[in-house]
Amino acid sequence: MPDATPGSPEVLAFVPTVLLAGWAMMLILGMLVYRDANARGMQGLFWFFPVAIPTIGLLFFFLYLVVRRTERRGGAESREEACNLLERWYAEGEISAAEYRALHEDLDEEEADGHSFFR
């Protein structure tokens, strides 16, 4: 039976393996936070480094979950918001009447199909 007392060679050989596995886990968690933060427009590199540091990484990971934005970058949160945006573009002359009607019809079709890109 192997010796499992503190300071034995078996225990000392196990410690670096556990530390390396923990660091690898924090790097993977850091990469996931990096990708998610970039998708939400929150400077992923800023969040990657604190999360990837093994000693404080979990603290920053939970902090990120608390402060992250609920919406993803680039999409409207609701159909109403999308319609308001279309009306503003049309009023400011950024889109023509035909483009306005076509885009508004697309929104109506999306709602009727039950498929929505407002998530």
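Quick caveat, the model's predicted, so the values are computed rather than measured.

1. Side note on the nonpolar core
Line of reasoning, step 1. One finds Met26, Leu29, Val33, Ala37, Met42, Trp47, Val51, Phe61 and Tyr64 forming the largest nonpolar core, which totals nine residues.
Line of reasoning, step 2. Elements supplying a minimum of two residues to this core: helix H1 (9-39), helix H2 (44-52) and helix H3 (57-67).
Line of reasoning, step 3. Ranked by the residues each element gives to this core, the list is headed by H1, at four residues.

2. What to know about the environment of proline 50
Line of reasoning, step 1. The residue proline 50 is located in helix H2 in this model.
Line of reasoning, step 2. Residue classification places proline 50 among the buried residues on the basis of a relative accessible area of 16%.
Line of reasoning, step 3. Separated by 20 residues in the primary sequence, proline 50 and glycine 30 place their C-alpha atoms 8.1 Å from one another.
Line of reasoning, step 4. Setting aside residues no more than four positions away along its own chain, proline 50 makes contact with Ile56, Gly57 and Phe60.

3. Points about the packing of aromatic side chains
Line of reasoning, step 1. Taken as a whole, this structure holds five aromatic pairs when the rule is applied.
Line of reasoning, step 2. Following the ring pairs from residue to residue traces out a cluster consisting of Phe46, Trp47 and Tyr64.

4. As for the side chain of aspartate 36
Line of reasoning, step 1. Here aspartate 36 is to be found in helix H1.
Line of reasoning, step 2. Of the residues examined, aspartate 36 reaches a relative accessible area of 13% and is grouped as buried.
Line of reasoning, step 3. Side-chain polar atoms of aspartate 36 contact the side chain of arginine 40, separated by 3.0 Å.

5. A short note on H3
Line of reasoning, step 1. Looking at H3, one finds that the buried residues are Gly57, Phe61 and Tyr64. With its buried residues spanning 60° around the axis, H3 presents them on a single face. In this structure, H3 carries Leu59 and Val66 as exposed residues pointing more than 90 degrees from its buried face.

6. Regarding the packing of H2 against H3
Line of reasoning, step 1. Viewed as axis vectors pointing N to C, H2 and H3 meet at an angle of 145°, and their least axial separation amounts to 6 Å. Note on element contacts: H3 touches H2 through Gly57, Phe60, Phe61, Leu63, Tyr64 and Val67, opposite Trp47, Pro50 and Val51.
Line of reasoning, step 2. Split into classes, the residues belonging to the contact of H2 with H3 amount to eight nonpolar, one polar and no charged.

7. Quick look at a nonpolar patch on the surface
Line of reasoning, step 1. Taken together, Ile53, Ile56 and Leu59 make up a surface patch of nonpolar side chains, about 260 Å² in accessible area.
Line of reasoning, step 2. Within the secondary structure, leucine 59 sits in helix H3.
Line of reasoning, step 3. Of the residues examined, leucine 59 reaches a relative accessible area of 60% and is grouped as exposed.

8. Let's talk about the pattern of salt bridges
Line of reasoning, step 1. As enumerated under the stated definition, the model contains three salt bridges in all.
Line of reasoning, step 2. One salt bridge in this structure joins arginine 40 and aspartate 36, with 3.0 Å as the shortest N-O distance.
Line of reasoning, step 3. By relative accessible area, arginine 40 is classed as buried at 8%.
Line of reasoning, step 4. Residue arginine 88 is joined to glutamate 92 by a salt bridge in which the shortest nitrogen-to-oxygen separation is 3.7 Å.
Line of reasoning, step 5. Look at arginine 88 and you get partly exposed, because its relative accessible area is 44%.

Rules used throughout
Residues numbered from 1 in each chain as written. Predicted model: local features only at pLDDT ≥ 70, side-chain atom pairs only at ≥ 80, totals over all residues. Heavy atoms only, no water. Core = buried A, V, L, I, M, F, W, Y, C linked by side-chain atoms within 4.5 Å. Buried < 20%, exposed > 50% of the residue type's maximum accessible area, 1.4 Å probe, protein only. Helix = DSSP H or I, 4+ residues; strand = E, 2+ residues; numbered from the N terminus. Contact = heavy atoms within 4.5 Å. Phe/Tyr/Trp six-rings, centres within 6.5 Å; stacked < 30°, edge-to-face > 60°. Polar contact = N/O pair within 3.5 Å; in protein donor to acceptor, adjacent residues only side chain to side chain. Arc of directions from axis to C-beta. Axes fitted to C-alpha atoms, helices over the stretch in contact; angles between N-to-C directions. Nonpolar A, V, L, I, M, F, W, Y, C, P; charged D, E, K, R; others polar. Patch = residues over 30% accessible without salt bridge, like charges linked within 9 Å, V, L, I, M, F, W, Y side chains within 5 Å. Areas by Shrake-Rupley, 256 points an atom, 1.4 Å probe, with all protein chains shown as cover. Salt bridge = Lys/Arg side-chain N within 4 Å of Asp/Glu carboxyl O.

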